[in-house]
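Tertiary structure, described
Each chain is listed here by its residues.
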Amino acid sequence: MPTYDFRCAQCGHKFTVLVSISDKDKVTCPNCAGKKVEQLFTGCAVRTGGGGGCDMPTTGGGFGGG
Ligand SMILES: [Zn+2]
């Protein structure tokens, strides 16, 4: 099961939760029990003016050609 990083919009607490995708919207803040949390995209974050090096979810798959 993947982990997701969240940040609470109420207290600003950052936390990581181990949940399935379908349960992501049920995540609450462990600090203040706030339900208004926003997901953080770490690691391979989408940056403006960036590019390269990310494992983007491509349809079809298949890197290289060998
Ligand atoms: Zn909170």
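How each quantity is defined
- Residues numbered from 1 in each chain as written.
- Predicted model: local features only at pLDDT ≥ 70, side-chain atom pairs only at ≥ 80, totals over all residues.
- Heavy atoms only, no water.
- Pairing = 2+ DSSP bridges.
- Helix = DSSP H or I, 4+ residues; strand = E, 2+ residues; numbered from the N terminus.
- Axes fitted to C-alpha atoms, helices over the stretch in contact; angles between N-to-C directions.
- Donors = N, O, S within 2.8 Å, 3.2 Å for Na, K, Ca; no water.
- Tetrahedral: all angles 85-135°; square planar, octahedral: opposite > 155°, others 65-115°.
- Buried < 20%, exposed > 50% of the residue type's maximum accessible area, 1.4 Å probe, protein only.

**As for the sheet that holds strand 3 (residues 37-40)**
Read from one edge of the open sheet, three strands run 2-1-3, paired in antiparallel fashion. Since the sheet does not close on itself, it has two edges, and those belong to strand 2 (14-18) and strand 3, each with one partner. Pairs of neighbouring strands in the sheet enclose a mean axial angle of 40°, with direction left out of account. Here four bridges tie strand 1 (residues 3-8) to strand 3, and the two strands are oriented antiparallel to one another. The residue of strand 3 that forms the bridge with Asp5 is Leu40.

**Considerations on the coordination of the zinc ion**
Taken together, Cys8 (SG), Cys11 (SG), Cys29 (SG) and Cys32 (SG) make up the full set of protein donors to the zinc ion, lying 2.3 to 2.4 Å away. Coordination geometry of the zinc ion: the four donor atoms subtend angles of 104 to 118° at the metal centre, consistent with an arrangement described as tetrahedral. Each donor residue of the zinc ion belongs to the same chain, and together they define the spacing C-x2-C-x17-C-x2-C. Within this pair, whereas Cys11 is found in the loop between strand 1 and strand 2, its partner Cys32 is found in the loop between strand 2 and strand 3, the two being separated by 21 residues in sequence. Given the relative accessible area of 37%, Cys11 is considered partly exposed.

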